[in-house]
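Working through the structure, step by step
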Amino acid sequence: MSKSRFSGMVLFGLVVTLSLMMLPALSEARDIKVGIVDTYSGPPAVYGNDALNGFKLALEEINKQGVLGGKIEFTTRDEKFKVDVALAMAKELVMRENVDLLVGTINSGASLAISDGVAKAEKVPFIVWTAKDEKITGELGHRYVFSTAENTAMAGKAGGVGLAKKPYKKYWIAGDDYAYGHAIADAAWRNLKALKPDVEKIGESWWKIGEPDLVPYLTSISAAKPDAVIFCTGGASMTNCLKALKATGFAAKIPSWIHTAIDHAVLKPLGAEAPEGVTGTIQYLFYYPETPENKAFVQAFEKAYGNPPGFPAFNAYITAQLIAEAYKKAGKIDKEKFIDAIEGLKVKGPTGSMVEMRACDHQAVYPMYFGTTKKHPQQDFVIATDILTLSGNEVMPTCDEVMKTRKK
Amino acid sequence: MAFDLSAIGSQFLVGLSRSMILFIVTAGLSFVLGVLRVPNVAHGSLYMIGAFSAFSITKLVPGPAGFWLALVMAPLVVAAVSFIAERALFCHLYQREHLMLLLFTFALSLILGDLVKLTWGAEYKSIMAPKLFDGSVHIFGASIPRYNFFLLIIGPLVAVGLWLFTNKTRLGKIARAAAVDREMVGAVGINVSWVFAFAFVLGCFMAGLGGALMAPTISITLGMDHNIIIEGFLIVTIGGLGNMWGAMVGSLIFGLSQAFGVLFWPQFAIVFPYTAVVIVLLLRPTGILKSVW
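Here goes a summary of the coordinates provided.

Comments concerning the packing of aromatic side chains
Residue and element names in this part refer to chain A. Scanning the model with the defined rule gives 36 aromatic pairs over all chains in all. Judged by centre distance (5.3 Å) and plane angle (70 degrees), the rings of Trp207 and Tyr217 are edge-to-face. Placement of Trp207 in strand β7 (residues 200-207) and of Tyr217 in helix α7 (residues 215-223) is noted, with a sequence separation of ten residues between them. Taking relative accessible area as the criterion, Tyr217 reaches 1% and is therefore assigned buried. When the ring of Phe314 is compared with that of Tyr366, the centres are 5.4 Å apart and the planes differ by 80 degrees; the resulting orientation is edge-to-face. Taken together, the residues Phe314 in helix α12 (residues 311-330) and Tyr366 in the loop between β13 (364-365) and β14 (368-375) connect sequence positions 52 residues apart.

Digging into the pattern of salt bridges
All told, the structure shown has 19 salt bridges over all chains when counted by the stated rule. Arg143(A) is paired through a salt bridge with Asp340(A); the nearest N and O atoms lie 3.0 Å apart. Here Arg143(A) is found in the loop between β4 (126-128) and β5 (145-147), whereas its partner Asp340(A) is found in helix α13 (residues 335-342), with 197 residues between them in sequence. Given the relative accessible area of 46%, Asp340(A) is considered partly exposed. Glu325(A) is the salt-bridge partner of Lys328(A), the closest N and O atoms lying 3.4 Å from each other. Of the two residues, Lys328(A) and Glu325(A) are both situated in helix α12; the distance of three residues between them amounts to about one turn of the helix. A single salt-bridge network, built from bridges that share partners, covers Lys208(A), Glu211(A), Arg18(B) and Glu231(B).

A few points about the interface of chain A and chain B
With 36 residues of chain A at the interface, the matching set in chain B holds 37 residues. Carbon and sulfur atoms make up 60% of the area that chain A and chain B hide from each other, which totals about 3,000 Å². When the buried surface of chain A facing chain B is broken down by residue, Pro43(A), Lys208(A) and Lys243(A) rank first, second and third, together holding 17% of it. If you look at where chain A meets chain B, you find one salt bridge. Here Glu231(B) and Lys208(A) are joined by a salt bridge, their closest N and O atoms 3.0 Å apart. Linking chain A with chain B are twelve residue pairs in polar contact (both at pLDDT 80 or more), by the criterion used here. Of all elements in the fold, only α2 (45-65), β7, α7, α8 (235-247) and α10 (264-270) of chain A reach the threshold of two or more residues within the side of chain A that touches chain B. When the residues that make up the side of chain A that touches chain B are grouped by side-chain class, the tally is 18 nonpolar, ten polar and eight charged.

About the criteria used
Residues numbered from 1 in each chain as written. Chains lettered and ligands numbered in written order. Predicted model: local features only at pLDDT ≥ 70, side-chain atom pairs only at ≥ 80, totals over all residues. Heavy atoms only, no water. Phe/Tyr/Trp six-rings, centres within 6.5 Å; stacked < 30°, edge-to-face > 60°. Helix = DSSP H or I, 4+ residues; strand = E, 2+ residues; numbered from the N terminus. Buried < 20%, exposed > 50% of the residue type's maximum accessible area, 1.4 Å probe, protein only. Salt bridge = Lys/Arg side-chain N within 4 Å of Asp/Glu carboxyl O. Contact = heavy atoms within 4.5 Å. Buried area = accessible area lost by both parts, 1.4 Å probe. Polar contact = N/O pair within 3.5 Å; in protein donor to acceptor, adjacent residues only side chain to side chain. Nonpolar A, V, L, I, M, F, W, Y, C, P; charged D, E, K, R; others polar.

Quick look at the structure:
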């Protein structure tokens, strides 16, 4: 083989290799791949499925026009509410499925693990859409993690702001004895105390998570005669708590605030058995505000899935909107450019009000609703009434406050 | 903090009513332990099936009638499930060692848990007690929700019924005899296999009854099986394995220590029943009443 012929072959090989390497960049637009890790089995599956439905509904609209000439497609993994499973699945989605970004989950522990072990380590954007731990975008936040879920700091602040408008002085705090319960309690009390310094905490009680019988707790609290009670509970315990509030007559005697007590997913199964007069906070209600946008969203959702959307569907819907708009703004499918684009991005959420992805801490900002339970005049279930809208800025910890926690 | 007598009285009654549910479930567990020597981890699953069945029955038959029907039918559904499990699986395994049975029943509890999920879905369920139970009952200044008062009456009724059955009926006596010496019972010409099947189904019926009775006061959800079974085994252990009155004593200790813990030291209420268990086991390692093992 002559020397020139050999170098010609090398050159040819080089050109072929290079052009193959260039192919993705040169080729026509491709689809954006979203990897979803969430709980699709066990009791939290209710929320996982609601979120997925919201996401799918948003994508139907978005994919009609497409994003950067392609579509947004997704693949799901069931983390079974287990931190180690979630972490392994997130890694698998990034390493083997080559997803462009990760989305999920309802489990705070899993979200923090993915945030640290995959998003930060592999430099892949990760948007948390249901988990409520304020550490996700607070103390443990970083460039690659985002949250479209409301978190315990926001919930607690919303509770504090709402309760400060009420005349109560002597408070009792009670709740599930785990991270979520204590985080809500701390945030609510801190904010309430700051806004209204003369409030007094006369006692606390904490029950183990999933405690079926809360009647002994309620009878002992009512014996202490507080003006109002802050209950910090969620999931199955929330239903237990509401049932016990009604059965003991507690709700009729002593006012109480429970974050998400006005969630339709909580109140609907209870039917007429849900207590009236319990105050709660939430970021989404399918019957309020009665804007044309919200009505259209609820109608489309009900038509597709047979039931009205809950707050996870709302969170997931705005997640899809933010993803689509950020890629359009970035102009190409690139992880770093995506992050630059989504920071400070504003979209018009399904209720018609604006949602902003705050640049400083990567936390979505939207209003919260503070309302009191009352029986629906026609239907056989309880809904929120006397709804007070707390603006996004009112319920969000400031950027300075968040950055302070990160420096510690 | 000062407490008036009525608060203490209410707390006592509420603790008692909780004890009654625990008793109904653990009496069944203890019975199966005593007669069959099976530590049935799946007992909690049957309790859960009882609650879910009660939910379905109240959906089929609305109104108060549905509730009362559920109280009768849900335990029967559980009894049917347990009968199938006994004839198909358990009856071949009685001679195995306890560790093996423990593993087997644990596996069964996982399978039943998944079957419940397939049948009823993952959503929380809730059923209502009839209007009759709205409001509270006042006794000597203490007040207690009516439904809890109803449980206070049901508990002793079940206890007496079970006692009459095991002590006054032929079948009950045979079951007790089989608990003490199964070979001897077989030797006098009694079909021990069917006695065991009956004892197992009766024990599981109690789990279903407990689940159905508990259903109106809680959210019916996956995972309620594991909650109750841990407490159940602790109660059976401190009361004396296989002893029905032991289950009663254990349930009272557990329910009342929890209720008073909540009243006097609410931040640390969770530890009270478990502390009570530790103290009992330190003083009487075999349980308070005579164990049949």
